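Residues per chain are reported as follows:
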Amino acid sequence: MPELSRRGLLLGGLAIAATGALGACTSPSSNRVTSTFGPPTRLSAAPGQSVVERTLVAKPATLDLGGTAVETWAFGDTAPGPLIRANAGDLLRIRFENQLPADTTVHWHGIALRNEADGVPGLTQNPITSGDSFLYEFTAPDPGTYFYHPHVGVQLDRGLYAPLIIDDPRETGGYDSEWVLVLDDWVDGTGRTPDDVLAELSAADGEDSGGMGGMDMGGKSMGDPPFGDAGDVAYPHYLINGRVPTAPDVLRGKPGERVRLRIINAGSDTLFTVALGGHRLTITHTDGYAVQPRETDALYIGMGERYDAIVTLEDGVFPLVAAPYGKKGQAMALVRTGAGSAPAPTVHLTELDGAILEANDLQPAESTRLPSRKPDATEMVHLSGQMAPYRWAINGAAYGKNDPILIDQGDRVRLQLMNMTQMTHPMHVHGHTFALPNGLRKDTVLVKPMSSLSVDLQADNPGSWMTHCHNIYHGEAGMMIALNYRT
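What follows is about the packing of aromatic side chains. In the structure shown here, the tally under the stated rule is 12 aromatic pairs. With centroids separated by 5.3 Å and ring planes inclined at 50 degrees, the aromatic side chains of Phe-75 and Tyr-148 adopt a geometry described as tilted. One end of the pair, Phe-75, is in strand S2 (residues 69-75); the other, Tyr-148, is in strand S7 (residues 144-149), with 73 residues separating them in the sequence. Accessibility expressed as a relative area gives 2% for Phe-75, which makes it buried. By the ring-pair criterion, three or more aromatic residues cluster together here, those being Phe-75, Phe-96, Trp-108, Phe-134, Tyr-136, Phe-138 and Tyr-148. For the cation-ring pair, Arg-158 lies above Trp-73, with the distance from its terminal atom to the ring centre recorded as 3.9 Å. Over the aromatic face of Phe-227 sits the side chain of Lys-448, whose NZ or CZ is 5.4 Å from the ring centroid.

Here the focus is the pairing of strand S8 (residues 162-167). Burial analysis of S8 places 6 of its 6 residues in the buried class, which makes it a mostly covered element. The two faces of S8 match: Ala-162, Leu-164 and Ile-166 on one face and Pro-163, Ile-165 and Asp-167 on the other face are all buried. Summarising the sheet, strand S3 (residues 84-87) and S8 pair through 4 bridges and their orientation is parallel. Note that in S8 the partner of Ala-86 across the bridge is Ile-166.

For His-285, the position within the fold is in strand S14 (residues 281-286). By relative accessible area, His-285 is classed as buried at 14%. At 2.8 Å, the side chain of His-285 and the side chain of Thr-284 are in polar contact. Among all residues touching His-285, those that are not within four sequence positions of it are Glu-171, Arg-260, Ala-290, Val-291, Arg-306, Tyr-307 and Asp-308.

Burial analysis of strand S12 (residues 258-265) places 7 of its 8 residues in the buried class, which makes it a mostly covered element. Relative to S12, strand S9 (residues 177-186) runs parallel, the two sharing 7 bridges. By the bridge assignment for S12, Trp-179 is matched with Leu-261. Bridge count between S12 and strand S17 (residues 306-312): 7 bridges; the pairing is antiparallel. When the sheet's bridge partners are listed, Ile-263 is paired in S17 with Tyr-307.

Time to look at the sheet that holds strand S20 (residues 377-386). Strand order in the open sheet formed by 6 strands is S21-S20-S23-S28-S25-S26, with mixed pairing between adjacent strands. Two strands close off the open sheet at either side, each with one partner strand: strand S21 (391-394) and strand S26 (441-442). Bridging between S20 and S21 involves 4 bridges; their strand directions are antiparallel. Bridged to Leu-383 within S21 is Ile-394.

This paragraph deals with the environment of Asp-269. Locating Asp-269 in the fold gives a position in the loop between S12 and strand S13 (272-276). Counting along the chain gives 34 residues from Asp-269 to Tyr-235, while the straight-line C-alpha distance between them is 9.1 Å. Every residue in contact with Asp-269, bar those within four places of it in the chain, is listed here: Asp-185, Ala-230, Gly-231, Asp-232, Val-233, Tyr-235, Met-303, Lys-327, Asn-471 and Tyr-473. Within the local environment of Asp-269, its side chain forms a polar contact with the backbone nitrogen of Asp-232, the two atoms lying 2.8 Å apart. One polar contact links Asp-269 to Lys-327, side chain to side chain, over a distance of 2.7 Å.

A few words on the pattern of salt bridges. Taken as a whole, this structure holds 28 salt bridges when the rule is applied. For Glu-116, the salt bridge identified is with Arg-114, shortest N-O distance 2.8 Å. Among the ionic pairs, Arg-260 bridges to Glu-171, the shortest N-O distance being 2.9 Å. Here Glu-171 lies in the loop between S8 and S9 and Arg-260 lies in strand S12, a separation of 89 residues in the sequence.

If you walk across this open sheet you meet the 4 strands as S3-S8-S7-S5, and the pairing is mixed. The open sheet has two edge strands with one neighbour each: S3 and strand S5 (107-109). Across the sheet, the axes of successive neighbouring strands diverge by a mean angle of 25 degrees, strand direction being ignored. Bridging between S5 and S7 involves 3 bridges; their strand directions are antiparallel. For His-109, the partnering residue across the bridge sits in S7 and is Phe-147.

Moving on, we come to the confidence of the model for the protein chain. Any region with low pLDDT has predicted coordinates that should not be read closely. Looking at the protein chain, pLDDT values average 90 and 89% of them are 70 or higher. Confidence drops under a pLDDT of 50 for residues 1-27, and excluding neighbours within four residues, the segment shows 84 contacts in the predicted structure. Low pLDDT, under 50, characterises residues 207-223; the predicted model gives this stretch 36 contacts beyond four residues in sequence or across chains.

Here the focus is helix H3 (residues 194-202). Taken as a whole, H3 has its buried residues at Pro-194, Val-197, Leu-198 and Leu-201. All buried residues of H3 project into a common sector of 95 degrees when viewed along the axis, lining one side. Buried residues belonging to H3 abut helix H4 (472-476).

Let's shift gears to unusual backbone geometry. Note that the residue after Ala-79, namely Pro-80, is joined by a cis bond; omega there is 0 degrees. Here Pro-80 lies in the loop between S2 and S3. For the peptide bond that leads from Ala-388 to Pro-389, omega is 0 degrees, which places it in the cis range. For Pro-389, the position within the fold is in the loop between S20 and S21. Backbone geometry places Asn-395, a non-glycine residue, at a positive phi of 55 degrees. Along the chain, the position of Asn-395 falls in the loop between S21 and strand S22 (405-407). Residue Asn-395 is classed as partly exposed on the basis of its relative accessible area, which comes to 33%. With a phi angle near 50 degrees, Met-450 is a residue other than glycine that sits in the positive phi range. Structurally, the position occupied by Met-450 is in the loop between strand S27 (444-447) and strand S28 (451-458). On the basis of relative accessible area, Met-450 is assigned to the partly exposed category, the value being 42%.

What counts, and where the lines are drawn
- Residues numbered from 1 in each chain as written.
- Predicted model: local features only at pLDDT ≥ 70, side-chain atom pairs only at ≥ 80, totals over all residues.
- Heavy atoms only, no water.
- Phe/Tyr/Trp six-rings, centres within 6.5 Å; stacked < 30°, edge-to-face > 60°.
- Helix = DSSP H or I, 4+ residues; strand = E, 2+ residues; numbered from the N terminus.
- Buried < 20%, exposed > 50% of the residue type's maximum accessible area, 1.4 Å probe, protein only.
- Lys NZ or Arg CZ within 6 Å of the ring centre and 35° of its normal.
- Pairing = 2+ DSSP bridges.
- Polar contact = N/O pair within 3.5 Å; in protein donor to acceptor, adjacent residues only side chain to side chain.
- Contact = heavy atoms within 4.5 Å.
- Salt bridge = Lys/Arg side-chain N within 4 Å of Asp/Glu carboxyl O.
- Axes fitted to C-alpha atoms, helices over the stretch in contact; angles between N-to-C directions.
- pLDDT = per-residue confidence, 0-100.
- Arc of directions from axis to C-beta.

See the structure below:
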């Protein structure tokens, strides 16, 4: 059995009404929509439009996490995979080759791109079979910090993820250098694979659903504020830029240097708390959109979320820590600007003991605020599920058995996210951003246990789009739904 950070029946309120539907669900691997597609429409560059061309290869690889070798799947020979960078408005032309022993796709997380390039098998494209290739072409309309990963099964929980940075050529900057920090929870090649983990989770028979069953709770009890229970799997490793804390990535700078941090949580089941010892962070963006700058000692970042921050470097050696919420261990990188000894891999930062910033603590920059407008439609998104048996659902049924949410082009759509479980769910909408009640723009948001959150979406990108929990195990076990434009 994989170590589970929690076990219990997670039903309540409206979710109880969905018990029958959950019990009737088939295994997670059967939660599929099976439409078929022809080749995507080819795009030509508009006059004056720059074209960014890359070749991307997914294949089996042996990776060194810092003294720990693992057999996994990766984009090329590293995890994270190769950074792809472009300017807002550029045409990206990515030729993808699948050398994996399984079907796969590539999803460009957070980009409001055309539907044909979104990378969801059965919904926007056919799966890319082993030995085949696919040409992804899309215009990246908005600057920001994004990443790319597969949208098949639990493949994200291998080494298949990499940063995607879209620059704003008009941005003045105000910083001297930039670091991209990719956070991850790692299990593949440590004696089990993500598919093994999912199989063990799915094998739970429900007999002990009322209690903890002696399982490892990661040092935190169920229901601890502010996020309750935020993950199902206690991982053997937590990484920053593909390195374990005992052999950390070293970020070198100079005292007084202003650095832009682009922080990406590519983890599959872990919410992280991030801090840089001896420093305060000024948060400037979330999910690509500018916010009113806000200083903090530390911040929470859920699966699929991204934050940009500015930090002015002090003199010395400092740990940059990503602590997994509700779990044991941590990820760590080193910031080195001068002489000094490296801290222990288990170092505890006092910055993690005080107030920690959440997304709803931020205010949008006026330039990114979604214009106020009364919603034309309100759609309910009920999140329900349970650990034993391992079943998760939206609107009472697993993906492939629930009815799509139907919207009309041009409408302002209010999505009422209602979480009827004891877990926090990072909810992600493809192809769009949405606004929180205070106007903050995001594409992934943490919905706390037994709570509801209204987000407003402008229906300006027609197609069939996935909406799902970005805990990959929850999504694969059913917590996904299609958001379809009426034709």
